[in-house]
Amino acid sequence: MDSLTARFQKKVFLPYLDLLKSGYRFHPAFAHAKRMWEEKLTADDLVNGPYLEKSHIYQEGAALGELPLHEKTKSTIRKRLGGRGLWKHQTDALQLILSGWNAVIATGTSSGKTLCYQIPILDDLVCDPSAGLRAVIIYPLNALVNDQLTEWEQMLVDHPQIRFARFTGQTPNTQNDYVETLRVTLREELSDQGLTQQELQHKVEQRLAERLRADTPNRLNHREAIRSNPPQVLITNFSMLEYLLERPVDAPIFANARLKFLVLDEAHAYRGVQATEIAFLVRRLKDRLQLERLVCIATSATLGKQGDAESQRKVRKFASDLFGEEFNERNPIYGTAAEPLLQQPSFCPTPDQYLKAVEALRVNPGTEIQQHLAINVSTSDLASLLSYDNNLYHLRKEILTKPILLKNAAKALWPENPKAEEGLEALLEIVAAAKVDQTHEDLLPTRLHYFVRAQDGFHVCLHRQCPGRRDGKPAFFVSRKSDPEIPEGDCPDCYRAGRKSKLVEVVTCRKCGYLYGALQDLGPRRAQS
C-alpha cells in the first residue's frame, strides 16, 4: 500500500493534472512554452496541504444494559456496534427520548447522531410491531435519504416485521419500474468493461437476479407497495412530504397512522423562509393525524455553541418554533470529549522504526510489530500496543489542537529528523490498521485536507531582460499570482530583480496549437475616457 501523500498524488492530483494539460494544445513551434507549462504544473504550485485535523474522541456513556430497552433491541445494537459501547452524548439523548421528551442532538460529524433516534424508534416498534406509520424522518437532500435507507436496512435485517421505505421523487411507481431502474443502473455500472452487447445483457440480467434475491423483504421499494401496505418508518424529504399530505392517491399512507416520532436531520439547513415552510408543514402533519404532541428530534453538527448559555437558549427556541413543541433545558445535547490516556512505561519510536513497522504490516497485516517499534510490552493487540506510544499521545493531546500542516506536525514530533514526515505518515497508517478491529475506538480519528487551486490560465512575460528567460525565449507562468508578496499580474522574476513587467495571458488555438495573447478589448468605453 502506498503512503497517504502518494495515494493522493496517484488518485487525485495526477488525474487532475491530465485534465489541465488537455486544455491546451501546442504547435511544435511552441515546444518551449509546452515544456514550461508542464514543468510549472506541479503539486507544489497547485496544492496546499495536506492539513491534519483531529476529530473528536468521545467519552463513553452508560452501559447498554442500563438503558430501558427491550432485549431484542439491545441485541441488535450490540451487533451493530461490534463490541464497543455507546458514547455519552448518545446515552444522554436516549435517556431523554425514551422518557418521551424532545431532543436536539448537536454533535460533530460522524459522532453517531443517527443512532440517537434509530434506537428509540426501533425499540418502540420491537415492543409493538403493529401496522401503521410510526416514524417520519425528513432529510434536506435525496443523497442523505439514500444513505439513511442503507442504515435502516442494516438495523432491521433481524426484524422482518418492521417495514421501512424511502419515498422521494426517485421512488419508482411499480415493481416493474423498480426492476427496470435496477437494470439501467447495472447496465451503466458494467458498460465500461468492454463486453459485447450480448455479454453485457447476460451479465446485467445475472446481476439483476442476484440483487432482487438479496432485497430485504421488509423494505418497500416502490410507491404501489408503500400505499397498499404502509411502512412503520418513512424516510423522505420535506418537498415530498408536502405532496404526500396533498395527493388523494397517497392518503392510504396516513390512514392507520399512529405517528410518534418526527425527525429533522441536518436541521441547520432550514433557515428563513424555508424554516417557516417546514414549521407549517409539521403543523399540517400534526393536524392531519390529529396529534396533540410528537416526540420531536432534530440533529445537526453546527447548531449553537457548546458552553454558551445564550446560544443554547436560541437553539431551543429555534427547535421549539420549528416543531411547535417544547424543548427542555437538557437541550441541545453536545459531545463530551474523552481525555487521551498513555499507558506506562511509554515509548517514543523513531520515524525509521515506524517505517519498518508499516512495511511489515503491508506484507502481513497480522504480524506483530513490537520489535520494529522497540516497545517492550506483552501484548499482540495492535490497538493496545499503541496505547504505550508517547508520539501518538503527544499528537492527540498537544499538537492536533487545531488543523495543522502534516509536515509541521511531523516537525513538532521530530524537529531535526529528515524522515519526520514519512514517519508520521507511517504512524497514521499503523493507527488505521489498528482500527480494523471494530471493538476498539479510533486511536486518532483524523481528516486529511488538501486544497487544490484552480489553474487560472497561462501567462507570459515579454520583458526582454526578464531573469526567467531561457535561451532567449520568454518566461511562462501558470498563475497571475504565484507569491503573496508580489502584486497580482506582475512577473515574479522581474519583480524580484527590481523591474516592473506585467504578465500577458496567452491562449491556444484548438485546431493549430498556435499561441495568442489574450488582450482585453476596452472598446467604446476606452474611447469615451
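As shown above, the structure is provided for reference.
Definitions and limits used
- Residues numbered from 1 in each chain as written.
- Predicted model: local features only at pLDDT ≥ 70, side-chain atom pairs only at ≥ 80, totals over all residues.
- Heavy atoms only, no water.
- Helix = DSSP H or I, 4+ residues; strand = E, 2+ residues; numbered from the N terminus.
- Disulfide = S-S within 2.5 Å.
- Buried < 20%, exposed > 50% of the residue type's maximum accessible area, 1.4 Å probe, protein only.
- Axes fitted to C-alpha atoms, helices over the stretch in contact; angles between N-to-C directions.
- Parallel < 35°, antiparallel > 145°, perpendicular 65-115°, else oblique.
- Contact = heavy atoms within 4.5 Å.
- Nonpolar A, V, L, I, M, F, W, Y, C, P; charged D, E, K, R; others polar.
- Core = buried A, V, L, I, M, F, W, Y, C linked by side-chain atoms within 4.5 Å.
- Left-handed = near helix turned anticlockwise from the far one by under 90°.
- Pairing = 2+ DSSP bridges.
- Patch = residues over 30% accessible without salt bridge, like charges linked within 9 Å, V, L, I, M, F, W, Y side chains within 5 Å.
- Areas by Shrake-Rupley, 256 points an atom, 1.4 Å probe, with all protein chains shown as cover.
- Salt bridge = Lys/Arg side-chain N within 4 Å of Asp/Glu carboxyl O.

## Quick look at unusual backbone geometry
- The omega angle of the peptide bond from Asn331 to Pro332 is -10°, so this bond is cis rather than trans.
- Here Pro332 shows up in the loop between helix 14 (309-323) and helix 15 (351-363).
- Non-glycine residue Glu266 carries a positive phi angle of around 55°.
- Its location among the elements puts Glu266 in the loop between strand 7 (261-264) and helix 13 (272-288).
- The phi dihedral of Asp471 falls on the positive side, at around 50°, and the residue is not glycine.

## Topic: the state of the cysteines
- Under the counting rule described, the total for this entry stands at zero disulfides.
- Of all cysteine sulfurs, the one in Cys491 lies closest to Cys461, which takes part in no disulfide; the gap is 3.6 Å.
- For Cys461, a relative accessible area of 0% puts it in the buried group.

## Regarding the packing of helix 4 (residues 71-81) against helix 7 (residues 142-155)
- Interaxial distance between helix 4 and helix 7 falls to 10 Å at its minimum, and their mutual angle equals 120°. By the angle between their axes, helix 4 is oblique relative to helix 7. Packed against helix 4, whose contacting residues are Thr76, Ile77 and Arg80, the element helix 7 presents Glu151, Gln154 and Met155 at the interface.
- Broken down by class, the residue content of the contact of helix 4 with helix 7 amounts to two nonpolar, two polar and two charged.

## Regarding the nonpolar core
- Ranked by size, the top nonpolar core spans 40 residues in total, and within it Leu133, Ile138, Leu241, Phe254, Leu262, Leu285 and Phe323 carry the most contacts.
- The residues contacting Phe254, other than those within four sequence positions of it, are Leu133, Leu241, Leu244, Leu245, Leu285, Arg288 and Leu289.
- Counting residues in each nonpolar core, the second largest holds 37 residues, with Leu64, Leu69, Leu86 and Phe261 among its members.

## Overview of the packing of helix 6 (residues 113-127) against helix 7
- Packing of helix 6 against helix 7 brings their axes to within 12 Å, and their N-to-C directions diverge by 45°. The angle between the axes of helix 6 and helix 7 places the two elements in the oblique class. The hand of the helix 6/helix 7 crossing is right-handed. Across the interface between the two elements, Thr114, Leu115, Tyr117, Gln118, Ile121 and Leu122 from helix 6 touch Gln148, Glu151, Trp152 and Met155 from helix 7.
- Classifying every residue of the contact of helix 6 with helix 7 gives six nonpolar, three polar and one charged.

## Description of the pairing of strand 4 (residues 164-167)
- Going residue by residue along strand 4, you find Phe164 and Arg166 tucked away on one face and Ala165 and Phe167 tucked away on the opposite face as well.
- Pairing analysis gives two bridges linking strand 4 to strand 5 (residues 219-220), with the strands arranged parallel. Each bridged residue has a counterpart across the sheet, and for Phe164 the counterpart in strand 5 is Arg219.

## Thoughts on a nonpolar patch on the surface
- A cluster of nonpolar side chains, contributed by Val507, Tyr514 and Tyr516, occupies part of the molecular surface with about 270 Å² of accessible area.
- On the accessibility criterion, Tyr514 (35% relative accessible area) is partly exposed.

## Points about the sheet that holds strand 1 (residues 47-54)
- In spatial order, the strands read 9-1-10; together these three strands make up an open sheet with antiparallel pairing. Each of the sheet's edge strands pairs with one partner strand only, and the pair in question is strand 9 (404-405) and strand 10 (446-452).
- Relative to strand 9, strand 1 is paired through two bridges, and the arrangement is antiparallel. Residue pairing in the sheet places Leu52 in a bridge with Ile404 of strand 9.
- Helix-sheet contacts for helix 1 (residues 4-21) involve strand 1 and strand 10, and the interaxial angle to strand 10 is about 35°.

## A few points about the environment of Leu361
- Note on placement: Leu361 falls in helix 15.
- Judged by its relative accessible area of 9%, Leu361 falls in the buried class.
- Sequence spacing of Leu361 and Val179 is 182 residues, and the spatial spacing of their C-alpha atoms is 44 Å.
- The contacts of Leu361, once residues within four sequence positions are left out, are Thr367, Ile369, Leu382, Ile430 and Ala433.

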